[in-house]
Amino acid sequence: MKEEEIRERVRQELSPARFAHVEGVVQTAAQLAERYGVDPARARTAAWLHDLAREWSVERLKHAAENIEIPSGFGLIPALLHGPIAASFAVEWYGVDEDVANAIRFHTTGRVGMSTLEKIICLADAIEPGRAYPGVEELRAAAQKSLDLALLKSFDATLRYLIDRQQPIFTLTVMARNEFLEKTR
Ligand code: DGI
Ligand code: FE
Ligand code: FE
Ligand code: FE
C-alpha cells in the first residue's frame, strides 16, 4: 500500500490545520510503535486515516452511517461517528487489516480490551506535537513509560472536559477508563 497515495487523499479531505494535526499523529504514532514493538508502517497507516471524516457535516456523517456497521451507541453522539466511518472507508479503499481498522474506529472513544496499536493511535491523537492543553506534557512523559497509565490519565482528562461542558458521555469510554484504572493499580 502506497503511503504517499493515502497522504494525498487525506490532504484533499482536510483543512491545512487538521492535516497538520494528522501529520503530528503519524509522527507520534510511529515513535510509540517503535517504542512498544508494533509495526510502524501499520501505525502510520492508521494515523493517516484516523480523521479522514473529521470535517464532514453531521448530516453527511449520519447519512454515511446508514450504510456501514456502527458499534452500538456511537450514533447518539455525532462527534464520535467520524472514527467508525473512516475505518469503513480505510477497509474499502485501502484494504487495511482488522487491527488497523479498529485503531481508527475506536480512536476517539477507546474500548475495553484495546490492542497495543489501538492504544497507540488513541494516545498519539491526544499528545501529537501540535496539541497544547494543560497536562499534555505530563501525558507525553507518561506515554514513554506506560501506554495504560497514559491512557488512564488521558481518558480522565477527556471525561473531566466533557463533564465541565455538560456533554453526554459515551459509556465505552467510561468502561475503558475503568479497565485502565484496574490494570494500573
Ligand atoms: O478528532 P480529533 O479532534 O483529533 O480528536 P477525537 O477524535 O479524540 O475527538 C473528537 C471530539 O469528540 C472531541 O471534540 C471530543 C469529543 N468527544 C470524545 N469523547 C466524547 C466526545 N463527545 C461527547 N459528547 N461524548 C464523549 O464521550
Ligand atoms: Fe478524531
Ligand atoms: Fe482522541
Ligand atoms: Fe485526531
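Heads up: the structure comes first, above all this text.
Just so we're clear, the structure is a prediction, and the values are computed from it rather than from any experiment.

Asks: Honestly, the pattern of salt bridges in this entry has me stumped. Any pointers?
Replies: Once the charged atoms of two side chains with opposite charge are near each other, the side chains can pair. Counted by the stated rule, this structure contains 18 salt bridges. Two residues, aspartate 148 and lysine 119, come together in a salt bridge whose shortest N-O distance is 2.7 Å. Here aspartate 148 is found in helix α9 (residues 147-164), whereas its partner lysine 119 is found in helix α7 (residues 116-127), with 29 residues between them in sequence. Assigned by exposure class, aspartate 148 and lysine 119 land together as buried. Through salt bridges with shared partners, a single ionic network connects Glu4, Arg7, Glu8, Arg11 and Glu23.

Asks: Sorry, what's going on with unusual backbone geometry here?
Replies: Note on backbone geometry: most residues besides glycine have negative phi, and most peptide bonds are trans. With a phi angle near 55°, glutamine 166 is a residue other than glycine that sits in the positive phi range. With respect to the helices, strands and loops of the structure, glutamine 166 is situated in the loop between α9 and α10 (171-184).

Asks: Please clarify how the coordination of the iron ion (ligand 2) should be interpreted in this entry.
Replies: In an ideal octahedron of six donors the angles at the metal are 90 or 180 degrees, and in an ideal tetrahedron of four donors they are 109.5 degrees. Distances from the iron ion (ligand 2) to its protein donors, Asp51 (OD), His82 (NE2) and His107 (NE2), fall at 2.1 to 2.2 Å. Between the iron ion (ligand 2) and the iron ion (ligand 3) the interatomic distance comes to 5.6 Å. Taken together, the residues aspartate 51 in the loop between α3 (40-49) and α4 (58-65) and histidine 82 in helix α5 (residues 82-94) connect sequence positions 31 residues apart. Residue aspartate 51 shares its accessibility class with histidine 82, and that shared class is buried.

Asks: Can you walk me through the side chain of glutamate 128 in this structure?
Replies: Here glutamate 128 is to be found in the loop between α7 and α8 (136-145). The side chain of glutamate 128 is buried and forms no salt bridge, while arginine 131, the nearest opposite charge, is found at 4.5 Å. Beyond its immediate sequence surroundings of up to four residues, glutamate 128 is in contact with His21, Gly24, Val25, Thr28 and Arg140.

Asks: How do you make sense of α3 when you look at a structure like this?
Replies: In an α-helix, one turn spans 3.6 residues; hence positions three or four apart end up facing the same way. Taken together, the buried positions of α3 are occupied by Ala43, Thr45, Ala46, Ala47, Trp48 and Leu49. The N-terminus of α3 is capped by aspartate 39, whose side-chain oxygen sits 3.1 Å from the backbone nitrogen of alanine 41.

Asks: Explain the environment of valine 58 here, please?
Replies: Mapped onto the fold, valine 58 is located in helix α4. When the C-alpha positions of valine 58 and leucine 81 are compared, they lie 8.8 Å apart, and in sequence the two are 23 residues distant.

Asks: Could you clarify how one ought to interpret the site of ligand 1 in this entry?
Replies: Around ligand 1, the structure places 17 residues, and the nearest of them are Arg54, Thr108, Arg131, Pro168 and Phe170. Between histidine 82 and ligand 1, the recorded distance is 3.2 Å, taken from a side-chain N or O atom to an oxygen atom. Looking at the shell around ligand 1 residue by residue, the class counts come to 7 nonpolar, 5 polar and 5 charged.

Asks: I tried to follow the nonpolar core on my own but got confused; where do I start?
Replies: Here is a general trend for soluble globular proteins: nonpolar side chains tend to be buried in one another's company. Formed by 58 residues in total, the largest nonpolar core has its most connected members in Val10, Leu49, Ile85 and Ile104. Take this core: its biggest share by element is 8 residues, from α7. Once residues within four sequence positions are removed from consideration, isoleucine 104 is found in contact with Ala46, Leu49, His50, Gly83, Ala86, Ala87 and Ala90.

Asks: Explain the coordination of the iron ion (ligand 4) here, please?
Replies: Distances from the iron ion (ligand 4) to its protein donors, His21 (NE2), His50 (NE2), Asp51 (OD) and Asp125 (OD), fall at 2.1 to 2.2 Å. All donors to the iron ion (ligand 4) come from one chain, and their sequence spacing reads H-x28-H-D-x73-D. The distance between the iron ion (ligand 4) and the iron ion (ligand 2) comes to 3.6 Å, with aspartate 51 serving as a donor to both metals. Side by side, histidine 50 and aspartate 51 carry an identical accessibility label, which is buried.

Asks: How should I be thinking about the environment of glutamine 166 in this particular structure?
Replies: On the accessibility criterion, glutamine 166 (76% relative accessible area) is exposed. In sequence terms glutamine 166 and phenylalanine 155 are 11 residues apart; their C-alpha atoms lie 16 Å from each other.

Basis of the calculations
- Residues numbered from 1 in each chain as written.
- Chains lettered and ligands numbered in written order.
- Predicted model: local features only at pLDDT ≥ 70, side-chain atom pairs only at ≥ 80, totals over all residues.
- Heavy atoms only, no water.
- Salt bridge = Lys/Arg side-chain N within 4 Å of Asp/Glu carboxyl O.
- Helix = DSSP H or I, 4+ residues; strand = E, 2+ residues; numbered from the N terminus.
- Buried < 20%, exposed > 50% of the residue type's maximum accessible area, 1.4 Å probe, protein only.
- Donors = N, O, S within 2.8 Å, 3.2 Å for Na, K, Ca; no water.
- Lys, Arg positive; Asp, Glu negative; His and termini not counted.
- Contact = heavy atoms within 4.5 Å.
- Polar contact = N/O pair within 3.5 Å; in protein donor to acceptor, adjacent residues only side chain to side chain.
- Near = heavy atom within 4 Å.
- Nonpolar A, V, L, I, M, F, W, Y, C, P; charged D, E, K, R; others polar.
- Core = buried A, V, L, I, M, F, W, Y, C linked by side-chain atoms within 4.5 Å.

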